[in-house]
Amino acid sequence: MHNRTRASKRPSTAASVSQPEPDDKFVRMDSSRPVENRVAVVRGDITKLEVDAIVNAANASLCGGGGVDGAIHRAAGPALLEHCRALGSSRPGEVTLTPAFELPMTAILHAVGPVWSGGGRGEPAQLRSCYAKACALCQEHGLQSVAFPAISTGAYRYPRKDAARIAVETVQSALDESPLPGLVVFCCFSEGDARIYRDVLGRCPPKTAVDSRPRPG
Ligand code: AR6
């Protein structure tokens, strides 16, 4: 069961936060919608989202750590660590797919973001690669919906606005090219981050504008 790489745990054209925050209570998106409605911003814990895949902000060892990586490993259980140990290490800009084990998703996409050291050491390209490769894996494995944390913006200190701009632009390009993933959720841990994403999305040209507000009912 854990070797499954296609989106088969359950069909998903919707994403929801099962422990709602005061705003962003619920996001429902239909993957048949046009690109502009295939992106959402949610505030909350990524392990609680109902999506086919979640992206982990991993380190090169793939063996867990703090932040969102720690939260995902705790929720997925020890089998994830065992699986990751067998995979060996990864590199900045690379993304590795694993099963989600005790989490309800079909897959976890472990993206190794760059450590920020001023921006002159390839950090933007590596961050872009994380988002592009994660979207490509969704296409390859039939994953309908995927949630991203703000990769590299915590322990790895990537400036949050610059990182959000890269995330949005890269995902937008991927969605323009492919019907999969049908839905991309930018999962922000803080309201400040959610505001940054909404702001960046608001500045996109009309064809990429998104509805990131909760829908009643
Ligand atoms: N759900 C969603 N976002 C979260 C969660 C969560 N449960 N927890 C934290 N965040 P970070 P990095 C946000 O440090 O900068 C680890 O030790 C957090 O607020 O998790 O890529 C790894 O093992 C921030 O906005 O990842 C690596 O060694 C974002 O996730 C290193 O940290 C990313 O913060 C990776 O550093």
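Conventions and cut-offs
Residues numbered from 1 in each chain as written. Predicted model: local features only at pLDDT ≥ 70, side-chain atom pairs only at ≥ 80, totals over all residues. Buried ≥ 20, exposed ≤ 12 C-beta atoms within 10 Å, placed from the backbone. Helix = DSSP H or I, 4+ residues; strand = E, 2+ residues; numbered from the N terminus. Pairing = 2+ DSSP bridges. Axes fitted to C-alpha atoms, helices over the stretch in contact; angles between N-to-C directions.

Some remarks on the pairing of strand β6 (residues 107-112)
So, step 1. The element β6 is largely enclosed, with a buried count of six among its six residues.
So, step 2. Side-chain alternation along β6 places A107, L109 and A111 on one buried face and I108, H110 and V112 on a second face that is also buried.
So, step 3. As defined by bridge partners, strand β4 (residues 53-58) adjoins β6 across six bridges and the pair is classed as parallel. Along β6, the bridge assignment pairs N56 with H110.

Digging into the sheet that holds β4
Strand pairing within a sheet occurs via backbone hydrogen bonds; the two strands may be parallel or antiparallel.
So, step 1. If you walk across this open sheet you meet the six strands as β3-β8-β7-β4-β6-β5, and the pairing is mixed. The sheet is open, and its two borders are formed by β3 (39-43) and β5 (95-99), each paired with just one other strand. Across the sheet, the mean angle separating the axes of adjacent strands is 25° when strand polarity is ignored.
So, step 2. Relative to β6, β5 is paired through five bridges, and the arrangement is antiparallel.

Regarding the environment of E169
So, step 1. Its place among the elements puts E169 in helix α4 (residues 160-177).
So, step 2. Separated by 38 residues in sequence, E169 and Y131 place their C-alpha atoms 9.4 Å apart.

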